[in-house]
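Observations on the model geometry
As a plain string of letters, each chain reads:
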Amino acid sequence: MIFFGKKGGAAVFYILIEENYSENNRVHQLLDGIGQIAKKKHDDISIFNRTEQLPEDCRVAIIICQSLKWSTDRIEELNAKGIHPLVFGFQYLDTMYKYSSIAPNYTKSAYRLTKYILSDGGGKTAILGYNEDSLPDRLKYIGIRYAVNEMGGEYEVFKNHGNVLACLDDFEKRCEGITNIVCCNDNIAVMLHAKYKSVAEGRNICSCSGNKISEFFENPYPVCRIDYIEAGVQLAMLYRFLLKEEVIYSTVMTFDLEFLEGRGEIPMGLPGGAEIYSSSEVDFYGDENLSEMEALDNMLSNCDPTDIAILADITAGLTYEKISEKHYLAINTVKYRVKKMLDTVGTDSRRALIALLDEYGVKFKNCDKTE
């Protein structure tokens with residue numbers, strides 16, 4: 001057990017760390033990030049390796065581990081003790097027990113990387129080292145595939161079944177016609193760079209979850225790397241948020257990975273310039289075909305009971321005058337509310353709004369509102 005910070009501080013960070021992972025430098029950086037918040041807030045940090053070591057007053061515990069099974073086992077144990085688990089690194093776990101999590105946005109990062117290297121001229125893309133049993137790999141695969149399809153290209157998957165060299169041997173035999181290589185993790189990329197130089201030569205390469213070693217290559221490739229200190233800061237902030245809640249509900253947060261362009265012939269900057277760098281993301285609910293529906297949904301989400309009642313009257317064919325009389329509102333108030341709804345949904349008339357509501361089957365009960 002390790003204590004850090006001011007004894008008797010405002011809060012205590014209870015942290016469970018998988019024992020064989022505790023000396024990993026990434027864990028130390030996470031703890032440095034947590035420590036920044038603990039020091040600022042005059043909190044304490046207590047570190048444990050076993051659930052039974054946690055004190056009775058513990059309400060939330062951070063889980064830091066490498067093993068998926070270790071994580072799910074600890075979640076079950078913590079639930080049994082009435083403690084809410086906050087898991088780092090695993091966003092979706094196959095468990096029926098309640099937990100919160102904070103994890104890298106692998107899908108967005110893989111999308112950005114792939115889009116970046118495809119800006120060099122397209123061509124066929126290899127998704128190298130994909131392990132379908134790995135949740136991060138599955139999330140990355142979604143982003144890679146989305147980017148390739150968006151750029152009008154094609155891709156081929158080279159799977160890793162637990163043997164990196166076997167995967168790379170397979171790629172070496174079947175790499176003809178491949179222009180771009182997106183490595184699912186940096187272990188694959190480093191091995192490719194070190195042992196299959198002739199295969200890597202002349203191809204655009206990028207890698208997710210960059211290792212430190214790749215920073216020192218003569219020609220570093222673009223990577224997305226976790227800033228573990230910043231991740232620790234975010235983890236600490238989520239922990240403190242959960243701790244303040246009277247009833248703790250499962251909460252999922254993601255954070256962006258650090259984007260490092262590397263050097264070489266790949267153009268510096270994301271496609272479309274800095275604007276895409278700051279705003280582009282994989283938003284599967286942001287498809288252009290769904291934008292109209294999203295705007296309508298956003299409008300309805302912003303409506304209060306008065307707005308809903310006015311919408312019901314509009315669809316029933318009532319005039320502004322009738323609506324104002326019915327709800328004891330000034331006619332300008334009714335007009336203002338309708339105008340605000342029209343602006344939100346992006347239509348310029350009541351008729352267009354009614355048509356849109358009808359198109360998506362939005363029906364209102366006969367509601368008589370009053371404020």
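Attention in this report is confined to the structure presented alongside it. (Residues numbered from 1 in each chain as written. Predicted model: local features only at pLDDT ≥ 70, side-chain atom pairs only at ≥ 80, totals over all residues. Heavy atoms only, no water.)

All right, on to the packing of aromatic side chains then. Per the stated rule, a full pass over the model turns up eight aromatic pairs. With a centroid separation of 6.2 Å and an interplanar angle of 80°, the aromatic rings of Y141 and Y155 are classed as edge-to-face. Separated by 14 residues along the polypeptide, Y141 in helix 4 (residues 135-150) and Y155 in strand 8 (residues 155-159) bring together distant segments of the chain. On the basis of relative accessible area, Y141 is assigned to the buried category, the value being 16%. Members of the aromatic cluster, each reached through a chain of ring pairs, are F88, Y228 and F255. Stacked on the ring of W70, the Lys or Arg R74 has its end atom at 4.8 Å from the ring centre. Its end group placed over the ring of Y320, R350 keeps NZ or CZ at 4.4 Å from the ring centre. (Phe/Tyr/Trp six-rings, centres within 6.5 Å; stacked < 30°, edge-to-face > 60°. Helix = DSSP H or I, 4+ residues; strand = E, 2+ residues; numbered from the N terminus. Buried < 20%, exposed > 50% of the residue type's maximum accessible area, 1.4 Å probe, protein only. Lys NZ or Arg CZ within 6 Å of the ring centre and 35° of its normal.)

With that out of the way, let us pick up the layout of surface pockets. By volume, the largest pocket is sized at about 920 Å³. As for the largest pocket, its lining consists of 36 residues, of which Q66, F90, Y106, S134 and P136 are closest to the centre. At the level of elements, helix 1 (25-41), helix 2 (68-80), helix 4 and helix 6 (186-195) are the ones that each hand at least two residues to the lining of the largest pocket. Here the element with the most residues in the lining of the largest pocket is helix 4; it accounts for five residues. (1 Å grid on protein atoms, 1.4 Å probe; cavity = no way out; pocket = protein on both sides within 12 Å on 5 of 7 lines; lining within 4 Å. Points joined across faces, edges and corners; volume = space filled by probe spheres on them.)

The residue G202 is located in the loop between helix 7 (197-200) and strand 10 (204-208) in this model. By relative accessible area, G202 is classed as exposed at 83%. In sequence terms G202 and N180 are 22 residues apart; their C-alpha atoms lie 9.3 Å from each other.

This paragraph deals with the packing of helix 12 (residues 320-327) against helix 13 (residues 331-345). It is at 8 Å that the axes of helix 12 and helix 13 come closest, and there the two elements cross at 110°. Classified by the angle their axes make, helix 12 and helix 13 are roughly perpendicular. Taken as a pair, helix 12 and helix 13 cross one another with a handedness that is right-handed. Taken together, the residues of helix 13 that come into contact with helix 12 (itself represented by Y320, E321, I323 and S324) are I331, V334, K335 and V338. (Axes fitted to C-alpha atoms, helices over the stretch in contact; angles between N-to-C directions. Parallel < 35°, antiparallel > 145°, perpendicular 65-115°, else oblique. Left-handed = near helix turned anticlockwise from the far one by under 90°. Contact = heavy atoms within 4.5 Å.)

Counting buried positions over the seven residues of strand 7 (residues 124-130) gives six, a clear majority of the element. Inspection of the sheet shows strand 7 paired to strand 8 by five bridges, in the parallel sense. When the bridges of strand 8 are listed, T125 appears paired with Y155. Handedness of the crossover joining strand 7 and strand 8 through helix 4 is recorded here as right-handed. (Pairing = 2+ DSSP bridges. Right-handed = clockwise from strand over helix to strand, strands pointing away.)

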